[in-house]
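So you can see what is in the structure, the chains are spelled out below.
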Amino acid sequence: MLKKMVVALAMVFSTTTLTYAAHPLITDDTGTMGKGKFQVEVNSEFSYDKEKEDGITTKERMSELSTILSYGIVDNVDVVLVVPYQWIRTKEDGVTTSVDGISDISLEVKWRFYEKDGLGFALKPGTTLPTGDDEDGLGTGRATSSLFFISTKELEPWAFHLNLGYIRNENKADERKDLWHASIASEVEVIKNLRAVANIGIERNGDKASNDHPAFVLGGVIYSINENLDIDVGIKGALNKPETDYTFLAGMAWRF
């Protein structure tokens, strides 16, 4: 019971963050780096979830530190490498277990195929490699794949983003293999160099026994120290029971 819940939570955590947006947003935008340009991100997440079933209370705390490298192959195509490290602490019926280690590394390509009058469309295929220990809940145990459609509309000072995605969730934990994702986000410059962001989304539950799909809402800010360096903070909360109760997010992005 305990092991299954840890594995399930880790899988939801990793698939939900498969598309890496302008942190702290989950929903990606159509922007690309530009030919020959790099971006390095260091993002952290700290989450807490409490469940009670059949009289047994389970509390789970998870932390993740992700290092993300993006490179512009050409002006409208980026390649993105994500290396996450996770810490998971679970307490069930008075028994506490802790695991930590590298999770599944992911590789994605973003192709912006249309941009005109503030409207952009992009496709983002991706894959994860089974580098995490699936027995400890740090990975799925198999390579997964995904494809996301991304749309952005800019209406100064606002920007709006839409993501629709499919995830082939290959795994060793008897979870659903066919998952979908839908989310929308908005951002607005409230003062010079400071953007407020908001996000809402839903994803198909990996648990075969449930048709109640995790849904979230998120709010945060992004501050540009200069044109090449951003820092951000945000809070993601659950809109229903299957979603993690709350997650605090913080990160930085450096472009060069």
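The present account deals with the structure reproduced in this document. Just so you know, these numbers come straight off a predicted model, no measurement behind them.

### A word on the side chain of E243
Step number 1: As for its placement among the helices and strands, E243 is situated in the loop between β12 (229-238) and β13 (246-255).
Step number 2: Classification of E243 by relative accessible area gives buried; the value is 4%.
Step number 3: In terms of polar contacts, E243 uses its side chain to reach the side chain of K236, at 3.0 Å.
Step number 4: Excluding its chain neighbours within four sequence positions, the residues that come into contact with E243 are D49, P214, A215, F216, K236, G237 and A238.

### Digging into the environment of G36
Step number 1: Tracing the sequence through the fold places G36 in the loop between α1 (2-16) and β1 (38-53).
Step number 2: On the accessibility criterion, G36 (38% relative accessible area) is partly exposed.
Step number 3: Sequence separation between G36 and D75 is 39 residues; the distance between their C-alpha atoms is 8.2 Å.
Step number 4: Setting aside its immediate chain neighbours within four residues, G36 contacts Y71 and G72.

### Description of unusual backbone geometry
Step number 1: In this model, H23 is joined to P24 through a cis peptide bond whose omega is 15°.
Step number 2: Secondary-structure assignment places P24 in the loop between α1 and β1.
Step number 3: Here the residue pair E156 and P157 is connected by a cis peptide bond, since its omega of 5° sits within 30 degrees of zero.
Step number 4: Here P157 lies in the loop between β7 (144-155) and β8 (158-168).

### Concerning the pattern of salt bridges
Step number 1: Counted according to the given criterion, the structure contains 13 salt bridges.
Step number 2: Between D174 and K208 there is a salt bridge, and its shortest N-O distance comes to 2.8 Å. Residue D174 is found in the loop between β8 and β9 (178-191), and its partner K208 is found in the loop between β10 (194-203) and β11 (215-226); the two are separated by 34 residues along the sequence.
Step number 3: On the basis of relative accessible area, D174 is assigned to the exposed category, the value being 57%.
Step number 4: Classification of K208 by relative accessible area gives partly exposed; the value is 47%.
Step number 5: A salt bridge links R195 to D230; the nearest nitrogen and oxygen atoms lie 3.8 Å apart.

Calculation rules
Residues numbered from 1 in each chain as written. Predicted model: local features only at pLDDT ≥ 70, side-chain atom pairs only at ≥ 80, totals over all residues. Heavy atoms only, no water. Helix = DSSP H or I, 4+ residues; strand = E, 2+ residues; numbered from the N terminus. Buried < 20%, exposed > 50% of the residue type's maximum accessible area, 1.4 Å probe, protein only. Polar contact = N/O pair within 3.5 Å; in protein donor to acceptor, adjacent residues only side chain to side chain. Contact = heavy atoms within 4.5 Å. Salt bridge = Lys/Arg side-chain N within 4 Å of Asp/Glu carboxyl O.

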